[in-house]
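The chain contents come next:
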Amino acid sequence: MDDGSVFTEFQVSSWPPPVTQTVLRKSDGRLDLTIRAKPSGRLRVELTRQGYQPLVIRSKHLYVRTPTLLRLNVVWRGTEAAVAANGQIIGTSSDVFPEGVVTPADIERTEALADHVDNQRARASRLQRVELMCARLGPGKARVESWFTSLATAGRVIADLAEMVRQGRRHHLAGLVAELARLVAGGQRNEPLLQWCAGLVDAPLVVYAPMAPPARTSEPVTWVTSAFDVTLGRDEGHQLGVDLDVWLQHDVPLPGGQPIPVAGLMAIIVEALCLERPDRVPGAAFDFIRTAFSQNDGAIDALCAFASAVCRLASAVGAANREPPGLEPPCGEADPSGSFTVQVDAPVRGVGSRQGPPAAEGAGGLGI
């Protein structure tokens, strides 16, 4: 790829970001492009192409009014590359440490969107994965009913565990997080059950989060708490509508380590809070998680509130049992009236018999 360009846009809630945040990661086998926002107020762009040496672009310091929507273009030609914001060059590959400042007057400011810019893409991606997988599986109404029955069961299990944790039975905390992770983050080979069922009926999975992350000077436990700080309705403290998949992929910093996505944080919490095993190697992250949840009721309250929000999402997806407009039911069978109904109130078969969505093709799977 001698010449080319990539356009991207992302919502900026606060600037500079308190920790390094990945705002774009694109890879298609011939091109790898990563854009990161740095706490210094710069952008770092890494570009790798077949047949060329990797290029790194560091932008000038950006002053950005927030909240806003920042639009970027990355352009390359041969061995040179540049990044621009609204046509204003803010960094090139030939300038290792660019001097100067780009002010808001240099960059077009648009009003912040009420919803995250990636919401529609996340929803469309779920629908596409379902269509591709169901084309391989073929029709099967009974199979669809079993998935929605499993979703209802998972919601009840999580609701019960959250209530027990609220009552002070903290030994159920690891089990609560494990069930949450299984429902919304899936496994190495399986699509998350909640997202899979939402894709079957093209149901939205929107939660509402604060417009800005915690301050850079916040205590580390505040970042853990903020990872679960979402609601199902927009209120004064939760103005940004964000798709659940987008939220699960946003980075949370851990003390002394690299930022990890919320979905990855849940896996660490499960491992840290579960019973000790002889083969488990102690680590600073585990110690921090144990301390955060044993000495901070705020982290537990936030986790239980997140669990309640996920349960209500699961209920809403289960209730969305009509055919999406203009879309043939991917895995079900239409009745003579032309509607597509999924039975979600069938008798519960018990936790041990829950059936998950199909395993993805290939070793990598479709999970997060």
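What you see is a predicted model; the values in this text were computed from it and never measured. (Residues numbered from 1 in each chain as written. Predicted model: local features only at pLDDT ≥ 70, side-chain atom pairs only at ≥ 80, totals over all residues. Heavy atoms only, no water.)

**Student:** Where do I start with the sheet that holds strand E8 (residues 80–85) in this structure?
**Tutor:** Picture the strands of a sheet paired through backbone hydrogen bonds; they go either parallel or antiparallel. One open sheet holds the 4 strands; their spatial order is E1-E7-E8-E9, and the pairing between them is antiparallel. Unpaired on one side and paired on the other, strand E1 (3–12) and strand E9 (88–92) mark the two borders of the sheet. Taking the axes of each pair of neighbouring strands and ignoring which way they run, one obtains an average angle of 25° across the sheet. Sheet analysis places strand E7 (residues 68–77) next to E8, joined by 6 bridges and oriented antiparallel. Of the residues in E8, the one forming a bridge with tryptophan 76 is alanine 81. (Pairing = 2+ DSSP bridges. Helix = DSSP H or I, 4+ residues; strand = E, 2+ residues; numbered from the N terminus. Axes fitted to C-alpha atoms, helices over the stretch in contact; angles between N-to-C directions.)

**Student:** Where do I start with the sheet that holds strand E5 (residues 55–58) in this structure?
**Tutor:** Pairing within the open sheet is antiparallel, and its 4 strands lie in the order E2-E3-E4-E5. Looking at the sheet topology across the chains shown, the edges are occupied by strand E2 (21–27) and E5. Taken over all neighbouring pairs, the strand axes of this sheet differ in orientation by 10° on average, direction set aside. Both E2 and strand E3 (residues 31–37) contribute to a ladder of 6 bridges, which runs antiparallel. The residue of E3 that forms the bridge with threonine 22 is arginine 36.

**Student:** Before we go on, may I ask you to explain the confidence of the model for the chain in this structure?
**Tutor:** Low pLDDT marks stretches whose predicted atomic positions should not be read closely. Per-residue confidence for the chain gives a mean pLDDT of 76, with 75% of residues at or over 70. Across the chain, element-level confidence peaks in helix H3 (residues 173–184) with a mean pLDDT of 93 and bottoms out in strand E10 (residues 101–102) with 51. Within the model, pLDDT remains below 50 along residues 332–354, and this stretch shows 43 contacts once partners closer than five positions in the same chain are excluded. (pLDDT = per-residue confidence, 0-100. Contact = heavy atoms within 4.5 Å.)

**Student:** Please clarify how the nonpolar core should be interpreted in this entry.
**Tutor:** Nonpolar side chains in soluble globular proteins generally cluster together in the buried interior. Ranked by internal contacts, the top residues of the largest apolar core, which has 72 residues, are Leu194, Phe228, Met266, Phe293, Phe306 and Val317. Tallying contributions element by element places helix H9 (residues 297–319) first for this core, with 12 residues. Apart from the residues within four sequence positions on either side, phenylalanine 306 is in contact with Leu180, Phe228, Val230, Leu244, Trp247, Leu248 and Met266. Listed in part, the 24 residues of the second largest apolar core include Phe10, Leu24, Trp76 and Val83. (Core = buried A, V, L, I, M, F, W, Y, C linked by side-chain atoms within 4.5 Å. Buried < 20%, exposed > 50% of the residue type's maximum accessible area, 1.4 Å probe, protein only.)

**Student:** What am I meant to see in the side chain of serine 226 here?
**Tutor:** Along the chain, serine 226 falls in helix H5 (residues 220–226). On the accessibility criterion, serine 226 (16% relative accessible area) is buried. The residues touching serine 226, leaving out its near neighbours within four places in the chain, are Pro214 and Trp247.

**Student:** What exactly am I supposed to notice about the layout of surface pockets here?
**Tutor:** Over the atoms, a rolled probe matching the size of one water molecule traces out where space is still vacant. One number sums up the size of the largest pocket: a volume of about 1500 Å³. Taken together, 46 residues form the lining of the largest pocket, with His116, Asp118, Val246, Gln249 and His250 sitting closest to its centre. Contributions of two or more residues to the lining of the largest pocket are made by E1, E2, helix H1 (119–137), H5, strand E12 (240–243), helix H6 (244–248) and strand E13 (251–252). Grouping the constituent residues of the lining of the largest pocket by class yields 26 nonpolar, 12 polar and 8 charged. (1 Å grid on protein atoms, 1.4 Å probe; cavity = no way out; pocket = protein on both sides within 12 Å on 5 of 7 lines; lining within 4 Å. Points joined across faces, edges and corners; volume = space filled by probe spheres on them. Nonpolar A, V, L, I, M, F, W, Y, C, P; charged D, E, K, R; others polar.)

**Student:** Explain the packing of H3 against helix H4 (residues 193–201) to me, please; I cannot follow it from the model alone.
**Tutor:** For any two helices packed against each other, the geometry is given by the interaxial angle and the distance between the axes. Contact pair H3 / H4: the axes reach a minimum separation of 4 Å and the direction vectors enclose 35°. Of the residues in H4, those in contact with Arg182, Leu183 and Val184 of H3 are Leu193, Leu194 and Gln195. The residue inventory of the contact of H3 with H4, partitioned by class, reads 4 nonpolar, 1 polar and 1 charged.

**Student:** Is there a simple way to explain the packing of aromatic side chains in this structure?
**Tutor:** Think of a pair of aromatic rings as described by two things: how far the centres are apart, and how the planes are tilted against each other in angle. If you walk through the whole model with that rule in mind, you get 2 aromatic pairs. With a centroid separation of 5.3 Å and 90° between ring planes, the pair formed by tryptophan 147 and tryptophan 196 is classed as edge-to-face. One end of the pair, tryptophan 147, is in helix H2 (residues 141–166); the other, tryptophan 196, is in helix H4, with 49 residues separating them in the sequence. Above the plane of the ring of tyrosine 52 lies arginine 49, whose end atom (NZ or CZ) is 4.1 Å from the centre. (Phe/Tyr/Trp six-rings, centres within 6.5 Å; stacked < 30°, edge-to-face > 60°. Lys NZ or Arg CZ within 6 Å of the ring centre and 35° of its normal.)

**Student:** Please clarify how H2 should be interpreted in this entry.
**Tutor:** Because each turn of an α-helix spans 3.6 residues, side chains separated by three or four positions in sequence point in the same direction. An ideal rise of 1.5 Å per residue puts 38 Å on 26 residues; H2 measures up with 38 Å between its terminal C-alpha atoms. Count one or two residues on from H2 and you reach glycine 168, which has phi positive near 100°. (Expected span 1.5 Å × (residues − 1).)

**Student:** Explanation requested: the environment of isoleucine 158 in the structure shown.
**Tutor:** With respect to the helices and strands, isoleucine 158 occurs in helix H2. Residue classification places isoleucine 158 among the buried positions, given a relative accessible area of 0%. C-alpha separation for the pair isoleucine 158 and alanine 178, spaced 20 residues apart in sequence, amounts to 9.5 Å. Apart from the residues lying within four places of it in its own chain, the contact partners of isoleucine 158 are Leu176, Glu179, Leu180, Leu183, Ala307 and Cys311.

**Student:** Help me understand the pattern of salt bridges, please; the structure alone is not making it clear to me.
**Tutor:** A pair can form between side chains of opposite charge whenever their charged atoms are brought close. In the structure shown here, the tally under the stated rule is 10 salt bridges. With its nearest N and O atoms 2.8 Å apart, the salt bridge here joins glutamate 191 to arginine 129. Of the two residues, glutamate 191 is situated in the loop between H3 and H4 and arginine 129 in helix H1; the sequence distance between them amounts to 62 residues. You can call glutamate 191 buried: its relative accessible area is 2%. A salt bridge links glutamate 163 to arginine 166, with the nearest nitrogen and oxygen atoms 4.0 Å apart. (Salt bridge = Lys/Arg side-chain N within 4 Å of Asp/Glu carboxyl O.)

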